[in-house]
Amino acid sequence: MSSWESFYECNPPPADFEYKTTLIESFCRRHAGRTVALVTSGGTSVPLEKHTVRFVDNFSAGTRGSASAEHFLDSGYAVIFLHRTKSLEPFTRHFQGQSILNSLEIRDVNGNPEIYVNQDKSRVLLPIVMKYKEVMASDCLLMVDFTSLDDYLWLLRGAAQALAALQQKALIYLAAAVSDFYVPCDRIPTHKMQSEEGAPVISLQLVPKVLQPLVSMWVPKAFVVSFKLETDEKLLVDKARGALKKYNHKVRIVFEEVKKLLPVRGNFDCVLSVTSNLSLVINRLSAHCSLICYNQTYKIINKSYSTYGQKI
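Please read all numbers here as calculations on a predicted model, not as lab measurements. (Residues numbered from 1 in each chain as written. Predicted model: local features only at pLDDT ≥ 70, side-chain atom pairs only at ≥ 80, totals over all residues. Heavy atoms only, no water.)

### Digging into the pairing of strand β1 (residues 36–41)
Alright, step 1. Most of β1 sits out of view: 6 of its 6 residues are buried.
Alright, step 2. Residues Val36, Leu38 and Thr40 of β1 are buried on one face, and the alternating residues Ala37, Val39 and Ser41, pointing to the opposite face, are buried as well.
Alright, step 3. Two elements, β1 and strand β8 (residues 170–174), share 5 bridges in a ladder whose sense is parallel. Bridge pairing in β8 links Thr40 to Leu174. (Buried < 20%, exposed > 50% of the residue type's maximum accessible area, 1.4 Å probe, protein only. Helix = DSSP H or I, 4+ residues; strand = E, 2+ residues; numbered from the N terminus. Pairing = 2+ DSSP bridges.)

So, in structure tokens, the structure goes:
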């Protein structure tokens, strides 16, 4: 039995797994004949107790995933957005914290307080709300949430298997920040660990790589895009090429997390290159360049997916 098969054998599905996979299957059937993109977003948590109080978290705000979901919707795709609970979501990501409250005004109308949108803010809010209403009216967006690593891996497999019937009309965009290590469920206590018992000794195991079965078994004709974050510039291209060769998927996007500014050419802090193997390397030096990076990424993916569809 392979490591990924052992994982599913030993770690039970989430309580609402059947309900959520039924939603995904129905969504795929409703959109048969068009491209459906599965976008994963946000980070996974690894519980240290079954009644979870403490956990190890792979932090991700979900910025890339939620922005990418909007791009795919704009491009005419139906989107399954598999996201971490309380991470950023399409459309609402534009209004974080108190920004939505600051967009509103209270006016007295015949002695009754009523809420209005600030005139200046409405120019920003209106097109986003209009697009959201259009998407929801056309039933093009399905939101499915997860919290733990177990939740994510079970739902990823369930979604991939549902997408398999769409063959080359399925696009899988793996932007979630997935834990590399976990504690098997049979090795964690049921209740909250007590400090009186001293510091716990926690043994982590490697999370099995499910990209290989996803590409080769669960949804073999899908166009699969994966991401990787690196801090060592020397590893970027070799890691991307190695992953493409090992897992046989279509696009590998590698981000370099840079802690200091480096001299680059051009009017923005971004270096972008594409290899012959369709690996995309992005040096992300500041938040300023994120939009530029994302737009370039989408162009590459759209072009690559279009070429892939023509070859099938």
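There's more to say after this.
### Side note on the nonpolar core
Looking at soluble globular proteins, one finds that nonpolar side chains tend to be buried together.
Alright, step 1. In terms of nonpolar packing, the biggest core is built from 47 residues, with Ile80, Leu163, Ile172 and Leu214 touching the most fellow members.
Alright, step 2. The element contributing the most residues to this core is helix α6 (residues 149–163), with 10 residues. (Core = buried A, V, L, I, M, F, W, Y, C linked by side-chain atoms within 4.5 Å.)

### A closer look at the pairing of strand β5 (residues 104–109)
It is a general feature of regular strands that their side chains alternate between the two faces of the sheet.
Alright, step 1. Note that β5 and strand β6 (residues 112–117) share 6 bridges and pair antiparallel. Within β6, the residue paired with Asp108 across the bridge is Pro113.

### What about the packing of aromatic side chains?
Alright, step 1. According to the stated counting rule, one finds 12 aromatic pairs in the structure shown.
Alright, step 2. Ring centres 5.0 Å apart and planes at 90 degrees place the aromatic pair Tyr8 and Trp154 in the edge-to-face group. Placement of the pair is Tyr8 in helix α1 (residues 3–10) and Trp154 in helix α6, with a sequence separation of 146 residues. Take Tyr8 and Trp154: they sit in the same class, and that class is buried.
Alright, step 3. Taken together, the ring pairs connect Trp4, Phe7, Tyr8, Phe17, Trp154, Tyr182 and Trp218 into an aromatic cluster.
Alright, step 4. Its end group placed over the ring of Tyr8, Arg157 keeps NZ or CZ at 4.0 Å from the ring centre.
Alright, step 5. One residue, Arg157, lies across the ring of Trp154, its end atom 4.9 Å from the ring centre. (Phe/Tyr/Trp six-rings, centres within 6.5 Å; stacked < 30°, edge-to-face > 60°. Lys NZ or Arg CZ within 6 Å of the ring centre and 35° of its normal.)

### Re the side chain of Lys20
Alright, step 1. Tracing the backbone through its elements, the reader meets Lys20 in helix α2 (residues 17–30).
Alright, step 2. Among the residues examined, Lys20 registers a relative accessible area of 11% and is labelled buried.
Alright, step 3. A polar contact is formed between the side chain of Lys20 and the backbone oxygen of Asp145, at a distance of 2.7 Å. (Polar contact = N/O pair within 3.5 Å; in protein donor to acceptor, adjacent residues only side chain to side chain.)

### Points about the layout of surface pockets
Alright, step 1. For the largest pocket, the calculated volume is near 1100 Å³.
Alright, step 2. Forming the walls of the largest pocket are 40 residues, and the residues nearest its centre are Ala176, Ala177, Val178, Phe227 and Lys228.
Alright, step 3. Elements with a minimum of two residues in the lining of the largest pocket: β1, α3 (63–74), α6, β11 (223–230), α8 (236–247) and β12 (251–257).
Alright, step 4. Looking at the lining of the largest pocket residue by residue, the class counts come to 20 nonpolar, 11 polar and 9 charged.
Alright, step 5. Of the voids in this model, the second largest pocket is the one considered here, and its volume is about 470 Å³.
Alright, step 6. Lining the second largest pocket are 27 residues; nearest its centre among them are Pro47, Lys50, Ser148, Asp150 and Asp151.
Alright, step 7. Elements with a minimum of two residues in the lining of the second largest pocket: β2 (45–47), β7 (141–146) and α6.
Alright, step 8. Sort the elements by how many residues they give to the lining of the second largest pocket and α6 lands first, with 4 residues.
Alright, step 9. Along the lines of polarity and charge, the residues of the lining of the second largest pocket split into 14 nonpolar, 5 polar and 8 charged. (1 Å grid on protein atoms, 1.4 Å probe; cavity = no way out; pocket = protein on both sides within 12 Å on 5 of 7 lines; lining within 4 Å. Points joined across faces, edges and corners; volume = space filled by probe spheres on them. Nonpolar A, V, L, I, M, F, W, Y, C, P; charged D, E, K, R; others polar.)

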